[in-house]
Amino acid sequence: LAIIEKMRFINYFLVVADFVNYARSQGIPVGPGRGSGAGSLVAYVLGITGIDPLRYGLLFERFLNPDRISPPDFDIDFCQDRRAEVIEYVRRRYGPEHVAQIITFSTLNAKSLVRDIGRALGFPLPQVDRLAKRVQEVEDHGHHLELMKAAESSIDPRESDADAAAFRQIMVYAPRLEGLHRSAGTHAAGVVIAPGMLVEFVPL
C-alpha cells in the first residue's frame, strides 16, 4: 500500500476496480486479469484480478516498484460483444469531456502499396495481385516494413519480363510512400481517462 501511494497510483487502482466491478455486476464477462498485474494482492482484494498471488507466489515487484520507469498496467479482457457498455459506463461515470477512445492508424505496407500503386498505374488486376503476393514482407523490429528489402528478393526478371517491368515502375513510387498513414480509425479498446478536461492533456 505504501508503494502504491508513494508512486501515486491509488486513483489508477480505484478507477480500474470501478469499471471491472461494474462489468461483473452487469453480467459482462471479464477475464481474471493477465500480465504482471496478477502479482498485486491489492488488485486481487479490489476484484481487479481473480488470482490470489499469495497462493501462487506471484511477485508484486514485477508489476510495480519504485525503480521501474514505466507505469504498471492491468491486462483486462472484456467480452467483445459487450465491451462498448463498459466504455459507455466510464463516459457516464467520469464525464464525456474526460473520456475518449484513442485513435488508431493503419499504415501503407509493402503489399498494400504494390496493389494501390499498380492499380493507379493501370496494370491489370491479376498482375497486381501476383506482384503483391510475391513481396516478402519482412518486419523491421515492429516498425513499418521495408519495401526495398522485399523488392530485392520478390521478383525474378527471368520469370516474367512484364512482371519485372511493372514492378520496376511501382518501385519508383513505393519507397517514398511506405509507412505513411493510410487511414485513421477508433481503437477497439484503448481509452484515455483524464482527471480534468481532455483538451488539457492530449490532442483531440
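Above this note sits the structure.
Computed from a predicted structure; not experimentally measured.

Definitions and cut-offs
All residue numbers refer to positions counted from 1 along the written sequence of the respective chain. Thresholds applied to this predicted model are a pLDDT of at least 70 for local features of residues and 80 or more for the giving and counting of side-chain atom pairs; totals over whole chains, interfaces and linings are not thresholded and use all residues. No hydrogens and no water enter the side-chain calculation; it runs on all heavy atoms of the structure. Two rings from Phe, Tyr or Trp (for Trp, the six-membered ring) form a pair when their centres sit within 6.5 Å of each other. Planes less than 30 degrees apart are called stacked, planes more than 60 degrees apart edge-to-face, and all others tilted. Relative accessible area decides the class of each residue, using a 1.4 Å probe on protein chains only: under 20% of the type maximum gives buried, over 50% gives exposed, and in between gives partly exposed. We count a stretch as a helix when DSSP gives it H or I for four or more residues in a row; a strand needs E for two or more, and each element gets its number in order from the N terminus. To define a nonpolar core, start from buried Ala, Val, Leu, Ile, Met, Phe, Trp, Tyr and Cys residues and group those joined through side-chain atoms within 4.5 Å. Here, two residues are considered to be in contact whenever any of their heavy atoms come within 4.5 Å of each other. Patch rule: a residue counts if its relative accessible area is over 30% and it has no salt bridge; like charges are joined within 9 Å, and nonpolar side chains (Val, Leu, Ile, Met, Phe, Trp, Tyr) within 5 Å. In this description, accessible areas are obtained by the Shrake-Rupley approach with a 1.4 Å probe, and a residue is regarded as covered only by the protein chains that are shown. For this document, the term salt bridge refers to a Lys or Arg side-chain nitrogen within 4 Å of an Asp or Glu carboxyl oxygen.

**Considerations on the packing of aromatic side chains**
Argument step 1. Following the criterion strictly, the structure yields nine aromatic pairs and no others.
Argument step 2. Where Phe9 meets Tyr12, the ring centres are 5.9 Å apart and the plane angle is 65 degrees; that geometry is what we call edge-to-face.
Argument step 3. Overall, Tyr12 belongs to the partly exposed group, its relative accessible area being 26%.
Argument step 4. A ring pair is formed by Tyr12 and Phe74, whose centres lie 5.5 Å apart and whose planes are at 20 degrees; its orientation type is stacked. Taken together, the residues span a long stretch of sequence, with Tyr12 in helix 2 (residues 10-25) and Phe74 in the loop between helix 4 (53-56) and helix 5 (83-94) at a distance of 62 residues.
Argument step 5. The class of Phe74 is buried, set by a relative accessible area of 11%.
Argument step 6. Members of the aromatic cluster, joined through ring pairs, are Phe9, Tyr12, Phe13, Phe60, Phe63 and Phe74.

**Considerations on the nonpolar core**
Argument step 1. Core analysis: the biggest nonpolar cluster contains 24 residues, and Phe13, Phe19, Ile48, Phe74, Ile76 and Phe78 have the highest contact counts within it.
Argument step 2. Only helix 2 and helix 5 provide two or more residues apiece to this core.
Argument step 3. Sort the elements by how many residues they give to this core and helix 2 lands first, with seven residues.
Argument step 4. Those residues in contact with Phe19 that sit more than four places away from it in its chain are Ile76, Phe78, Val86, Tyr89, Val90 and Ile193.

**Describing a nonpolar patch on the surface**
Argument step 1. Taken together, Leu121, Val172, Tyr173, Leu177 and Leu180 make up a surface patch of nonpolar side chains, about 400 Å² in accessible area.
Argument step 2. Tracing the backbone shows Leu180 in the loop between helix 9 (161-177) and strand 2 (181-193).
Argument step 3. Accessibility expressed as a relative area gives 43% for Leu180, which makes it partly exposed.

**Overview of the pattern of salt bridges**
Argument step 1. All told, the structure shown has eight salt bridges when counted by the stated rule.
Argument step 2. Between Arg93 and Asp18 there is a salt bridge, with the nearest N and O atoms lying 2.9 Å from each other. Separated by 75 residues along the polypeptide, Arg93 in helix 5 and Asp18 in helix 2 bring together distant segments of the chain.
Argument step 3. Classification of Arg93 by relative accessible area gives partly exposed; the value is 48%.
Argument step 4. Note on Asp18: relative accessible area 16%, which makes it buried.

In short, the description is geometric, and any link to function would need to be established separately.
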